[in-house]
Every structure is written in C-alpha cells, then in structure tokens.
Amino acid sequence: MFKFEVIHQSKRSAARVGRIHTPHGIIETPNFVPVATNAAIKTVDSSIINQLDVQLMFCNTYHLLLHPGTEVVQAAGGLHSFMNRTAPLITDSGGFQVFSLAYGSVKEELKSKGLKTQQNSVLKINEEGVLFRSYRDGSPILLTAESSVRAQKALGADIIVPFDELPPYHTDPHVLRRSFERTHRWETRSLEEHLKNPNNQAMYAIVHGGIDPNLRKKSCEILGNMAFDGFAIGGSLGKTRQEMVDMLSLMMRHLPHEKPNHLLGIGDLPSLEACIPLGIDTFDSSYPTKAARHGMLLTDNGPIKIEQHRWHACLDKISEAPLCKDYSAAYIHHLFQAHESVGHTLASIHNIDYMMKLMQRYRQMILEDRI
C-alpha cells in the first residue's frame, strides 16, 4: 500500500518531483505538511481542510495519548474517522516532548544555552524510555519505543516514526554521542515493534546526530541499512538557516535516493526556497497558521499585515481560498480589530491555501528544470 516513485529529477539541482502512495491517497512531492497537533488545525474544520488539497497532515502522538486517549480514537475507527480526514496523515512518536518539555521551545533553548526551563516535566530518561509528567493532571506517563509504536498503531496514521530523543543545540559532545547511540537503539526497537504488525502503515526512520557531521553521516548509514520506508531528518541542524542548509547539503547524499525524506519542524518560506533544491521531499511546520493568528496573510509579494489601517476600507478581495473569497480585505481587517475568532479561521485558510499553491508551483518549476 506504500510506494514512492521519482517522477522527475531536476537537471539543475538535487530537487525532484515524486509521488508517495499511501492507503489514503497520493502525496505529491515536494509538499508542505500543516501541523494539526491535537488532530485539528487551530480554528479550521477538517471539512475545509479537505477542500484545500492538503495531501499530508501532521498529528502529535503525545498530546493525543493524553487526551482523548488512543482507546477513544481507535474505537472511533482511527484518526481519519475521528477527525473527518480523507487524505493521508503522519504522526510523531512523542520524542519531541523529551526536548520541548525539558528545554522549552527551540527559540527558548537557543537563548538559554540549554538551561532547563520547565522543571519536573521530564522525570527520567533511561534505556527503557522517558517518564513524563502529564501536563493535564500531573500523572506519570512512560513512553518507550514499543509503547510509542503501539500508540501510533492505534491512531492509525499512514506514516509513523520511531521513538527518539531530540538533544538541544547546546549539548556537550559526549552527551550528544550517548543520546545518539541510545536513540538508534530505540529506533531499532521501534522498527521491530512496527514489523510485528505493519497495519498498512509506513515507518520513517529519524536521522539524528545534532550538529556533528560525522554523526549525521553515521546515522544515515545505520538507518539506511534497515527496513524503514523513508527518512525523517530530526534534531538540531544548526543555530542559523545557513548552518542548517550546510548540514543538509552534507548529509542528503548519504540518504537512499529511492526512498522519501521529510524535514521535521521546518517550513517557513525562506527555508523551503533553500531546501527544496537539496532534494527534501516534505516539510512540516505550524508557521502558516501561527502567522495567520497574528494577522499575517502570506502573498507572493510578502506578508500582508491585515490589522494595519490601510485595509480598513479596502473592499477588494485579497484571497481566492475557499470561504475567504467571499469576503473583502476590509471585513477580515474588521474581524481582527473586533477580536472575532472567525478572522483567525479565514486567515488560516488563506495561508494554508497559499502554501499548497506555492508547492504546486515549486513542483512545476522542478519539472521544467528551473530549480
């Protein structure tokens, strides 16, 4: 049920156009993957998302494990039925929470140089797995390679990932190596658990190694010799976009060309422009919906700040996205000024629609060898 095919390899770069076949449909690559952490894009109903040609969406296993629980989702027929999703889904392993609960956001960690910002969220990390304290009721939750995979089986996403640890940018080299070795043991256990019951799901390995190019290469080699269906690129790739691009340029040649790859947590417009020529197939990010909630509408000429007074009396339509095309710029401006949540809905729809059309243009440019 899962297959990847390269449709066209650019003659100008490593960029490529491909198709990922899954039980719930085809994902054209390169593509952008919106983040639906709690099985929902914030402020936007799934029935609208289904109209926007969103071919892959990302849900968070850790949050869904805490609420409503995998048993509820499984009883509903899986995530697709539960959230009224007709196209493919990918879930993470919960491993990112090892990082975010212990160190805060990436931005916070870079500023704090690795100092722990949230005490007592991660109780213990050892060979077995990670013991978290639930942010909902304070109860301890143990995530292991095996329990993470079982949770993702119950959720029923088309693509799942192994359990991993994401060490921050500011990590001692000796600590990074220990984390690297443990994560690859966890990934091996995750794959073994997955292969007991493939369940029409594909599993992507997660390439780690932090900002050490030798560890990144070694990770590609270790995971490339295992029975994973594709590869996700995780962990810190650098402090700046240029450092990230330099690292990706070094490591992409070591990933199997015949399998799809995914860059985790990166999807802002400059990064897409820089990384698509490197051969990245899919990108996930909450960037367009976060921008929308701050009143920023993405356009080819840069973001529109819809709350600015210049839009107060503009009766022109500024979006052709579903629903948005029924309203003027002045109305959307009014919604933001009046703090009406439907303004966030319309802006989010516009931005997701923009990203989908942008990726269509990227695919066409690659087909024409212009990238």
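In what follows, the accompanying structure is described. (Residues numbered from 1 in each chain as written. Predicted model: local features only at pLDDT ≥ 70, side-chain atom pairs only at ≥ 80, totals over all residues. Heavy atoms only, no water.)

### Digging into the pattern of salt bridges
Line of reasoning, step 1. For the structure on display, the rule yields 13 salt bridges.
Line of reasoning, step 2. A salt bridge links R363 to E28; its shortest N-O distance comes to 3.7 Å. With R363 in helix α14 (residues 342-367) and E28 in strand β3 (residues 25-29), this residue pair connects regions lying 335 residues apart in the sequence.
Line of reasoning, step 3. Judged by relative accessible area, which is 30%, E28 ranks as partly exposed.
Line of reasoning, step 4. In the salt-bridge network here, residues are joined through shared partners; they are R150, E193 and K196. (Salt bridge = Lys/Arg side-chain N within 4 Å of Asp/Glu carboxyl O. Helix = DSSP H or I, 4+ residues; strand = E, 2+ residues; numbered from the N terminus. Buried < 20%, exposed > 50% of the residue type's maximum accessible area, 1.4 Å probe, protein only.)

### So, the sheet that holds strand β8 (residues 129-133)
Line of reasoning, step 1. Taken in spatial order, the 3 strands of this open sheet run β7-β8-β9, and their pairing is antiparallel. In this open sheet, the two edge strands, each paired with only one partner strand, are β7 (122-125) and β9 (140-144). Looking at each pair of strands side by side, their axes are set apart by 15 degrees on average, direction ignored.
Line of reasoning, step 2. Note: β8 against β9, 5 bridges, orientation antiparallel. When the sheet's bridge partners are listed, G129 is paired in β9 with T144. (Pairing = 2+ DSSP bridges. Axes fitted to C-alpha atoms, helices over the stretch in contact; angles between N-to-C directions.)

### A few points about helix α13 (residues 329-337)
Line of reasoning, step 1. Among the residues of α13, A329, A330, I332, H333, L335 and F336 are the ones counted as buried.
Line of reasoning, step 2. Among the structural elements, α12 (287-293) and α14 are those in contact with the buried residues of α13. (Contact = heavy atoms within 4.5 Å.)

### Side note on the side chain of K153
Line of reasoning, step 1. Relative to the helices and strands, K153 resides in helix α7 (residues 145-155).
Line of reasoning, step 2. As a buried residue without a salt bridge, K153 has its nearest oppositely charged side chain in D229, at a separation of 8.3 Å.
Line of reasoning, step 3. A polar atom in the side chain of K153 sits 3.2 Å from the side chain of Q201.
Line of reasoning, step 4. The contacts of K153, once residues within four sequence positions are left out, are I160, H194, N197, P198, N199 and Q201. (Lys, Arg positive; Asp, Glu negative; His and termini not counted. Polar contact = N/O pair within 3.5 Å; in protein donor to acceptor, adjacent residues only side chain to side chain.)

### A look at the side chain of N31
Line of reasoning, step 1. Within the fold, N31 resides in strand β4 (residues 31-34).
Line of reasoning, step 2. On the accessibility criterion, N31 (3% relative accessible area) is buried.
Line of reasoning, step 3. A distance of 2.8 Å separates a polar atom in the side chain of N31 from the backbone oxygen of E28.
Line of reasoning, step 4. Beyond its immediate stretch of four places on either side in the chain, N31 contacts Q55, D281, T282, F283, M356, M359 and R363.

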